[in-house]
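Coordinate analysis (summary)
Here's the letter readout for the chains.
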Amino acid sequence: MNIKKLPHIVIVGAGFGGMEVARRLKNAPVQITLIDRHNYHLFQPLLYQVAIAGLVPSQIAYPLRTIFRKQKNINFQMGEVTSIDFESRYVKMDGSVIAYDHLVLAVGGQTNFFGMNSVEENGFQLKNVESAVNTRNHMLKLFEEASREVDAEKRRAMLTFVVVGAGPTGVETAGALAELITHVMAKDYPQMNMKEARVLLLEAGNTVMPAYPDELRKATFNLLRSKNVEIMLNTKLTNYNGQQITLADGGQINTHTLIWTAGVKASEITNRLGVQQAGSGRVRTDAFLRIPAHPEVFVIGDAAYLENGNGQPLPMLATVAQQQAKVTAQNIQRIIKKRGLESFHYKDPGLLATIGRNAAVARIWGLSFSGFIAWMIWVVLHIYRLIGFRNRILVLVNWAWDYIFYENQVRLITRE
Ligand SMILES: Cc1cc2nc3c(=O)[nH]c(=O)nc-3n(C[C@H](O)[C@H](O)[C@H](O)COP(=O)(O)OP(=O)(O)OC[C@H]3O[C@@H](n4cnc5c(N)ncnc54)[C@H](O)[C@@H]3O)c2cc1C
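Predicted, not measured: the structure shown is a model, and the values here were computed from it.

Quick look at the overall build of the chain now. A tally of regular secondary structure across the chain gives 11 helices and 26 strands. Against the 2.2 N^0.38 benchmark of 22 Å for 416 residues, the chain shows a C-alpha radius of gyration of 23 Å, consistent with a compact globule. Summarising its shape, the C-alpha atoms of the chain cover approximately 80 × 45 × 45 Å along the three principal directions. When burial is assessed residue by residue, the chain has 52% of its 416 residues classed as buried. Summarising the internal contacts of the chain: among those between residues at least 6 apart in sequence, 63% fall at separations of at least 24. Working note: accessible area of the chain is about 19,600 Å², and carbon and sulfur atoms make up 51% of it. Across the chain, 45 positive and 34 negative side-chain charges occur, with their mean positions spaced 9 Å apart.

Below you can see the structure in the form of structure tokens.
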């Protein structure tokens with residue numbers, strides 16, 4: 001009997017893009033190896049909720065082996081891919097070699113500090129579970145320290161929280177942090193004067209949410225101000241030593257907390273591939289999301305560089321990664337069937353960001369919403385997009401509890 005070997009598809013990265021490709025190839029005549037350095041898929045849009053003590057990591061991350069338990073044509077491998085040999089068609093993972101017929105690189109991004117080493121060393125970021133938990137522990141610990149600090153100046157520095165970057169992540173973090181202080185910490189530390197606590201949002205540009213339409217930028221600005229977030233536009237920082245921020249105009253801000261949300265670049269491995277890269281280190285692809293010199297290799301999501309119809313790079317968003325995953329899974333099947341490929345065109349599903357309780361901004365079907373309606377849309381969509389029935393229920397219960405009782409339930413300081 002002539003047993004035909006199935007094409008071997010190796011997918012590196014089980015984030016939004018990689019996981020979606022694997023799922024969409026469920027019934028395809030292929031053998032899949034899915035590799036990730038973590039054994040879970042992480043819902044990054046809610047990482048800030050871990051940092052502000054709203055959710056625990058297990059509510060926004062889900063084990064990959066559980067996700068793919070019922071999928072017969074997949075093998076998950078936990079490990080770090082360190083190099084790829086495009087000529088011989090294999091990836092190296094923690095010392096082993098895995099050969100492929102088609103490779104999908106969905107390795108995502110990492111924080112871009114734009115060469116500001118002092119910020120990278122002394123600041124906090126929201127990119128993975130560890131960084132979000134570190135941020136939470138650090139901030140909660142500062143409240144403890146401030147509660148016994150008698151020097152008012154030192155206390156104010158401990159209670160000054162600076163978020164850098166007024167894109168959606170910075171805005172969401174600043175808004176949620178301000179609410180944590182007003183609604184929760186004020187109750188936990190009744191002896192402290194919470195008016196000493198400040199949340200500053202620093203932005204180098206002249207507006208919050210630059211990618212959003214004008215009416216939503218204004219709404220975001222006003223909603224943040226109503227939550228006592230101090231917005232500092234046209235403000236660049238040059239140094240942060242862990243105690244003090246130095247601004248480009250020479251100004252200084254005393255703070256023990258700087259959360260950097262001002263930049264993303266492609267994952268480290270993209271620099272070691274020897275292929276053409278564009279802005280932020282993203283790998284240039286053709287219209288079918290392939291590396292032009294290696295058409296059996298697809299790159300999708302944050303790691304890929306492709307322009308939209310207006311000559312602008314596609315944004316680094318989960319929605320882009322998921323749509324690219326769909327087209328890539330289809331194109332792999334087309335290749336197997338020896339059919340022509342479909343090019344990628346991004347369909348913008350709209351914009352959505354929350355600023356806190358009852359406060360969000362949204363642009364959907366060409367309409368702008370802000371306030372409670374936008375916030376309800378945000379809550380429903382985020383619950384829906386979370387993986388796992390258990391996680392959806394837990395997050396919903398958590399949020400409902402926090403909403404009714406003005407609490408953030410995860411106020412645990414879990415390590416030094
Ligand atoms: C705090 C935050 C908030 C965000 N909010 C939103 C939002 O509201 N809406 C939205 O659309 N987008 C949002 N994004 C962006 C969105 O998360 C990304 O665009 C999306 O995750 C990109 O998907 P991806 O598959 O390219 O990469 P990722 O989802 O980042 O997945 C990449 C995977 O590759 C793995 N990996 C990387 N390198 C290696 C290697 N060498 N070996 C093995 N494994 C490797 C990583 O562990 C990871 O699991 C947010 C991002 C962050 C950080």
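Right, let's get into the packing of helix α10 (residues 372-385) against helix α11 (residues 389-405). The contact between α10 and α11 brings their axes to 9 Å, and the two run at 150 degrees. With respect to their mutual orientation, α10 and α11 come out roughly antiparallel. Where α10 abuts α11, its residues Phe372, Trp375, Trp378, Val379, His382, Ile383 and Tyr384 lie against Arg392, Val395, Leu396, Trp399 and Tyr403. Residues of the contact of α10 with α11, tallied by class, amount to 10 nonpolar, one polar and one charged.

Attention now moves to the sheet that holds strand β14 (residues 229-232). Pairing in this open sheet of five strands is parallel, and the strands run β11-β18-β12-β13-β14 from one edge to the other. Each of the sheet's edge strands pairs with one partner strand only, and the pair in question is β11 (124-125) and β14. Two strands pair when backbone bridges link them, and strand β12 (residues 160-164) and strand β18 (residues 257-260) are joined in this way by four bridges, in the parallel orientation. Bridging from a neighbouring strand, Phe161 pairs with Thr257 of β18. Each of β12, β13 (198-202), β14 and β18 touches helix α7 (residues 168-188); the most contacted strand, β13, lies at about 170 degrees to it.

Moving on to unusual backbone geometry. Residues apart from glycine generally show negative phi values, whereas peptide bonds are mostly found in trans. In this structure, Asn228 is a non-glycine residue whose phi angle is positive, near 70 degrees. Within the element layout of this structure, Asn228 appears in the loop between α8 (214-226) and β14. Overall, Asn228 belongs to the exposed group, its relative accessible area being 57%. Its identity is not glycine, yet Tyr406 carries a phi of approximately 50 degrees, on the positive side. With respect to the secondary-structure elements, Tyr406 resides in the segment after α11. By relative accessible area, Tyr406 is classed as partly exposed at 35%.

Bringing the packing of helix α1 (residues 16-24) against helix α9 (residues 318-336) into the picture now. One way to put it is that α1 packs onto α9 with a least axis distance of 8 Å and a crossing angle of 35 degrees. The handedness of the crossing between α1 and α9 comes out as right-handed. Touching Phe16, Gly17, Glu20, Val21 and Arg24 of α1 are Ala318, Ala321, Gln322, Ala325, Lys326, Thr328, Ala329 and Gln333, all from α9.

On to the site of the ligand, then. Around the ligand sit 27 residues, and of these Gly17, Asp36, Gln44, Val81 and Asp302 come closest. Contact between the ligand and Gln44: an oxygen atom at 2.8 Å from a side-chain N or O atom of the residue. Between a nitrogen atom of the ligand and a side-chain N or O atom of Glu80, the distance comes to 3.4 Å. Considered on its own, the ligand offers 1,000 Å² of accessible surface; in the complex 91% of this is hidden by protein. Mapped by element, the contributors of at least two residues to the shell around the ligand are α1 and α9.

Rules behind the numbers
Residues numbered from 1 in each chain as written. Predicted model: local features only at pLDDT ≥ 70, side-chain atom pairs only at ≥ 80, totals over all residues. Heavy atoms only, no water. Helix = DSSP H or I, 4+ residues; strand = E, 2+ residues; numbered from the N terminus. Rg over C-alpha atoms; globule rule 2.2 N^0.38 Å. Buried < 20%, exposed > 50% of the residue type's maximum accessible area, 1.4 Å probe, protein only. Contact = heavy atoms within 4.5 Å. Areas by Shrake-Rupley, 256 points an atom, 1.4 Å probe, with all protein chains shown as cover. Lys, Arg positive; Asp, Glu negative; His and termini not counted. Charge placed at Lys NZ, Arg CZ, Asp CG, Glu CD. Axes fitted to C-alpha atoms, helices over the stretch in contact; angles between N-to-C directions. Parallel < 35°, antiparallel > 145°, perpendicular 65-115°, else oblique. Nonpolar A, V, L, I, M, F, W, Y, C, P; charged D, E, K, R; others polar. Pairing = 2+ DSSP bridges. Left-handed = near helix turned anticlockwise from the far one by under 90°. Near = heavy atom within 4 Å. Polar contact = N/O pair within 3.5 Å; in protein donor to acceptor, adjacent residues only side chain to side chain.

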